[in-house]
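# Architecture and fold: a report
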Amino acid sequence: MTKPVLSHFFAYIGRLRWIRRWGLMRNAIEENVATHSWEVATLAHALAVIRNRHFDGRVNPETVATAALYHDATEVITGDMPTPVKYHSKVMREAFRDIEHKASDELLALLPESLQTDFAPYIQEARWQPDVAELVKAADRLSALLKCEAEIQAGNREFEPAAQQIRERLEQEALPEVRYFLEVFAPGYSQPLDHLLGD
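What comes next concerns the included structure.

### With respect to the overall build of the protein chain
The secondary structure content of the protein chain amounts to 11 helices and zero strands. Listing each helix as α and each strand as β along the protein chain from the N terminus yields α-α-α-α-α-α-α-α-α-α-α. A globule of 199 residues ought to have a C-alpha radius of gyration of about 16 Å, and the protein chain, at 18 Å, matches this closely. Seen through its principal axes, the protein chain has C-alpha atoms that stretch 60 × 40 × 40 Å. Looking at the protein chain as a whole, 37% of its 199 residues are labelled buried. Here the analysis covers contacts within the protein chain between residues at least 6 apart in sequence; of these, 68% occur between residues at least 24 apart. Taken as a whole, the protein chain presents about 12200 Å² of accessible surface, with 55% of it coming from carbon and sulfur.

### Some thoughts on the layout of surface pockets
Here the second largest pocket defines a volume of roughly 360 Å³. Contributing to the lining of the second largest pocket are 18 residues, with E39, L146, K147, A150 and Y189 lying nearest its centre. If you tally residues by element for the lining of the second largest pocket, the top one is helix α8 (residues 130–153), at six residues. When its residues are assigned to classes, the lining of the second largest pocket shows eight nonpolar, five polar and five charged.

### Things to note about helix α3 (residues 61–69)
Restricting attention to buried positions, one finds in α3 the residues P61, V64, A65, A67 and A68. For α3, the angular spread of the buried residues around the axis is 165°, confining them to a single face. In this structure, the buried side of α3 is in contact with α2 (33–54), α7 (113–123) and α8. Looking at where α3 begins, the residue whose side-chain oxygen comes 2.8 Å from the main-chain nitrogen of E62 is N60.

Cut-offs used in this document
Residues numbered from 1 in each chain as written. Predicted model: local features only at pLDDT ≥ 70, side-chain atom pairs only at ≥ 80, totals over all residues. Heavy atoms only, no water. Helix = DSSP H or I, 4+ residues; strand = E, 2+ residues; numbered from the N terminus. Rg over C-alpha atoms; globule rule 2.2 N^0.38 Å. Buried < 20%, exposed > 50% of the residue type's maximum accessible area, 1.4 Å probe, protein only. Contact = heavy atoms within 4.5 Å. Areas by Shrake-Rupley, 256 points an atom, 1.4 Å probe, with all protein chains shown as cover. 1 Å grid on protein atoms, 1.4 Å probe; cavity = no way out; pocket = protein on both sides within 12 Å on 5 of 7 lines; lining within 4 Å. Points joined across faces, edges and corners; volume = space filled by probe spheres on them. Nonpolar A, V, L, I, M, F, W, Y, C, P; charged D, E, K, R; others polar. Arc of directions from axis to C-beta. Polar contact = N/O pair within 3.5 Å; in protein donor to acceptor, adjacent residues only side chain to side chain.

Spelled out as structure tokens, the structure:
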């Protein structure tokens, strides 16, 4: 094996922790892209397992979790674009989609050539299978809802409209695994630690 070429890929990925989310809103609880990506990965994995176990799914939970882990990796190049700005108009949506596509290519090019084909199916969202994309998007929305509800519980009413919009969107999509998660797991998020421990 020849001497490996230096790569800055993971140095870039590691910087996701410095990118703040919800930048246009007052936050009681700060959130960064690295923390968000980890949460979305765990939620997406859970949704995939729930789908397979309870709703006759045939999706690979590990593939879903890995795609979710990298779902916002391009933000190390683009930054976190607030949703109201990103989806303000068709022109904005298309422009940002193009930027994200170019950023994913740029990020992938940071890897040694021998590893690019292994990472491409996760970093390039266009390569995701439809069921993977559906579950990652649902987990992303679920993470946003949990964030909004935590902010509201902390007394920050600024997140009430966002929470309402996200709830309505999840209800419209009507994924049974999301409904299951909301019924079985979500209530625990609002409980104090002593209650979670059974005291």
